[in-house]
Amino acid sequence: MWGRRYREFSLGAIGNGVAIGDVDDDGLPDVFISTKTGPNHLFRNLGHFRFEDTTAAAGVAGPSATEGGGNAWKQGAAFADIDNDGDLDLYVCRFAAPNLLYVNDGAGVFTEEAAARGLALVDASAMGAFCDYNRDGWIDVYVATNVLDVERRPNGQRDHLFRNHGDGTFENVTDAAGLKGETQCHAATWWDYNDDGWPDLYVDNDFRDPDQLLRNNGDGTFTNVLSWVVPHTPHSSMGADLGDINNDGRLDLLIADMATISREKDHRGMARLRVGLPDNEVRPGMGAPQYMVNTLFLGTGTSRVLEAAHLTGLAATDWTWSVRFEDLDLDGWLDLYIANGMVRELHSTDITGAMLRRESLAQRTRIMKDTPVLAEANLAFRNRGHLAFDDVSTSWGLDHLGFSTAAAFGDLDGDGDLDLVFTNYDAPATVCRNDGTAGQALVLDLRGRSSNSHGVGATARLELPDGSIQARTLVLARGYNSTSEPALFFGTGEHTRVARLAVRWPGGHEQEFDNLPTGQRYTIVEPEGPAPKREPPTPPPALFEDITAPTQLAVANRGGPLSPPAQARQPLLPFRLNRPGPFAVAADLDRDGSDELVIGGVAAETGQILTRSGAEYVSALSPVFIAPSAVPDGPIVAFDADADGDLDLLITKAGIAADADSTDYQPRLFLNSGRNRFEPAPPDMLPALPISVGAAAT
């Protein structure tokens, strides 16, 4: 890792993988761990938290050095039933070597068949995300990739979509599906963001390349709709996970970044990175704005999502790899586990400064190698409901200090709650037993008939006697480079019965069950035969109508980009503040009973007053706005400053385009001389107040 592939390693090929699943059908989930530079391991679960290493006997040790596999980096691992025979097969991604597909004989003995089945991809493969995207009853796979050769393709590789032919063999349909662009992908998460029954795909990319939200068109093709759906994304997207965190029955999605918890650590490196980021608005075609914080998308069941990372207190979690939502205390709310750390503090200004003073790559690499591992504490957050989370890392015993990447959950001891396995850099994996005693559990194993064998993509919605609801969708690849036990886990708190359980299968079947006791593990079997056709529900009448065009209110806003000197003056700002406008106010300035609109100016464009003319608004000439200002206008207040019975205008200034205390920030007052005619107020009516204004009111 510190040799000729050091840059490829540091840019993306970091972690290894964990997969949890019952490979020998004895009712106990087993654990597979892919080790980047060492041997893989399959641990058979013997019960009572005892495990046996059966790697060699199961045939999953991997190719030997003589077979071309000795030095290949192993990365993500996934248990998935690729041939629909009811048992879990194993897919292991590798770097610059053929990926491995181990086919299970049903007894936990595997045969490597990647080449024969079309999945021996040679690339910077990171993780195989399995899902039945075309809903034909057979799971397909999206292979996420990262940087393979930093000299030739510094922006990464193309990801690959493989369609299952319906017999456990695969065809690369990346082009036919309309998938484009290079990626530096750390996670690809199947997420039906619009709840239309077709699994969409969120692809999160590290560094400058934008994330992608690939909407499933239902015909085998995808369309990237990111900019139309999300308000912004992380800059360096890492691991991702989905879950119904606010119990509204819709799936939400968290994408991690590397935002630091402490200001001191932010000063050491991340602040410098922010200064060098390009302005989002001068990157045409680059998607939604990117910010160096975690992003939490709240599903709405529509074509738009909300963003709530800061609202929930989850915007900064250090150098995060895996993020995983599970109800760890069985109180009915999804909690959050986070794996943190890094091989070195790659962005430290002190370290990178010393490296720049060396001439050769080998010398620079040696400096980085001689620095300590960036050891950070893993985190756990308890969900209190209503989008509120408490840091319980220490009290729950999950504050491991080190460098952890992959993480997977499973009920390893059969007691109904979820246990944890995560990997560590240069150290054995860690297994955490859940010793919680509070709360009731309900676990669902799904068995598909017309759908795929394990019901991947099925959604279960649970309603408790108090009317609260929960939703889970069976998604295999979650967090980072890992798959958890393929079952749906619910916590019901003190409730001992479930009022109603509804299961929607990817093949279209729907089932309902009433009055189920909790504290049980149920196997739900999909009905045989084709699902009955159901008409899509009629959407309710819209509460609002878009009248922008008929009222002529499509007002352009051409604010200039943030200049590097202005950003360099305040490198600790987490978000841009140079373009807060345009601010606006609605007020009856001419006392005709109809409001005018006053829209403030921005750095490259003057403001304007729009008056009503029939059903339309037209711009009225006014000395209030004559020429573009050096700084944008801020909040606008309409009030009767001179007590003459009509409304005057106070125009403040905002942003960071000028130095603090610059006279460019002085507010301006305009007096209404009647019927929407304005003149500057006498200079002595306003005191000197050159400030950047965030809010103003009378």
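Before any of the text, the structure's been laid out above.
Residues numbered from 1 in each chain as written. Predicted model: local features only at pLDDT ≥ 70, side-chain atom pairs only at ≥ 80, totals over all residues. Heavy atoms only, no water.

> Sorry if this is basic, but what is going on with the overall build of the protein chain here?
Summing up its helical and strand segments, the protein chain has 9 helices and 49 strands in all. Counting every position in the protein chain, which comprises 698 residues, the buried fraction comes to 54%. In the protein chain, 56% of the contacts between residues at least 6 apart in sequence involve partners at least 24 apart. Of the roughly 29,200 Å² of accessible surface on the protein chain, a fraction of 53% belongs to carbon and sulfur atoms. In the protein chain, which carries 56 positive and 99 negative side-chain charges, the distance between the mean positions of the two groups comes to 6 Å. (Helix = DSSP H or I, 4+ residues; strand = E, 2+ residues; numbered from the N terminus. Buried < 20%, exposed > 50% of the residue type's maximum accessible area, 1.4 Å probe, protein only. Contact = heavy atoms within 4.5 Å. Areas by Shrake-Rupley, 256 points an atom, 1.4 Å probe, with all protein chains shown as cover. Lys, Arg positive; Asp, Glu negative; His and termini not counted. Charge placed at Lys NZ, Arg CZ, Asp CG, Glu CD.)

> Teacher, can you tell me more about the nonpolar core here?
Side chains of nonpolar character tend, in soluble globular proteins, to be buried together. Residues Phe130, Trp190, Trp191 and Leu444 are the most contacted members of the largest nonpolar core, which totals 71 residues. Contact partners of Trp191, with chain neighbours within four places excluded, come to Asp200, Leu201, Tyr202, Leu213, Leu242, Leu251, Asp252, Leu253, Phe297 and Val305. (Core = buried A, V, L, I, M, F, W, Y, C linked by side-chain atoms within 4.5 Å.)

> Could you clarify how one ought to interpret the side chain of Thr312 in this entry?
Within the fold, Thr312 resides in helix H6 (residues 309-312). Look at Thr312 and you get buried, because its relative accessible area is 5%. Separated by 2.9 Å, the side chain of Thr312 and the backbone oxygen of Ala308 make a polar contact. Residues contacting Thr312, with those up to four places away along its chain left out, are Leu296, Leu387 and Phe389. (Polar contact = N/O pair within 3.5 Å; in protein donor to acceptor, adjacent residues only side chain to side chain.)

> Is there a simple way to think about the packing of helix H7 (residues 349-356) against helix H8 (residues 361-369) in this case?
The relative placement of two packed helices is expressed as an angle between their axes plus a distance between the axes. H8 packs onto H7 with a crossing angle of 155° between their chain directions and a minimal axis gap of 8 Å. If you check the angle between H7 and H8, you find them roughly antiparallel. Considering how the two elements wind past one another, H7 and H8 form a crossing that is right-handed. Residues Ile351, Ala354 and Met355 of H7 touch H8, and the partners they reach there are Arg364, Ile367 and Met368. When grouped by side-chain class, the residues that make up the contact of H7 with H8 number 5 nonpolar, no polar and 1 charged. (Axes fitted to C-alpha atoms, helices over the stretch in contact; angles between N-to-C directions. Parallel < 35°, antiparallel > 145°, perpendicular 65-115°, else oblique. Left-handed = near helix turned anticlockwise from the far one by under 90°. Nonpolar A, V, L, I, M, F, W, Y, C, P; charged D, E, K, R; others polar.)

> Looking at this structure, how should I read the sheet that holds strand E3 (residues 41-47)?
Strands in a sheet are paired, the pairing made by backbone hydrogen bonds, and the direction either parallel or antiparallel. Taking strand neighbours across the sheet as the criterion, the 5 strands line up as E4-E3-E2-E1-E37 in an open arrangement whose pairing is mixed. Of all the strands in the sheet, the pair left with one neighbour each is strand E4 (50-53) and strand E37 (482-483). Across 4 bridges, the pairing between E3 and E4 is antiparallel. When the bridges of E4 are listed, Phe43 appears paired with Asp53. (Pairing = 2+ DSSP bridges.)

> I tried to follow the pattern of salt bridges on my own but got confused; where do I start?
In a structure, side chains of opposite charge can pair up when their charged atoms sit close to one another. By the definition in use, this model includes 30 salt bridges. With a closest N to O distance of 3.9 Å, Asp149 and Arg152 form a salt bridge. A relative accessible area of 24% means that Asp149 is categorised as partly exposed. A salt bridge links Asp195 to Arg461; the shortest N-O distance between them is 3.7 Å. Here Arg461 lies in strand E35 (residues 459-463) and Asp195 lies in the loop between strand E15 (185-190) and strand E16 (201-205), a separation of 266 residues in the sequence. Several salt bridges converge on common partners, so that one network encompasses Asp192, Asp195, Arg461 and Arg504. (Salt bridge = Lys/Arg side-chain N within 4 Å of Asp/Glu carboxyl O.)

> Mind showing me how you'd approach the packing of aromatic side chains here?
Aromatic ring pairs are defined here through the distance separating the ring centres and the angle between the ring planes. What the rule picks out here adds up to 14 aromatic pairs. Aromatic side chains Trp190 and Phe222 sit 6.2 Å apart centroid to centroid with 55° between the ring planes, which places their arrangement in the tilted category. Of this pair, Trp190 sits in strand E15 while Phe222 sits in strand E18 (residues 222-224), and the two are 32 residues apart along the sequence. Between Tyr337 and Phe409 the ring centres are 6.1 Å apart and the planes differ by 85°, which places this aromatic pair in the edge-to-face class. Of the two residues, Tyr337 is situated in strand E26 (residues 335-340) and Phe409 in strand E31 (residues 404-410); the sequence distance between them amounts to 72 residues. You can call Tyr337 buried: its relative accessible area is 1%. Taken together through their ring pairs, the aromatic side chains of Trp191, Tyr193, Tyr202 and Phe297 make up a single cluster. Over the ring of Trp198 we find Arg135; its NZ or CZ atom is 4.3 Å from the centre of that ring. It is Arg433 that lies over the ring of Phe49; its NZ or CZ is 5.8 Å from the centre. (Phe/Tyr/Trp six-rings, centres within 6.5 Å; stacked < 30°, edge-to-face > 60°. Lys NZ or Arg CZ within 6 Å of the ring centre and 35° of its normal.)

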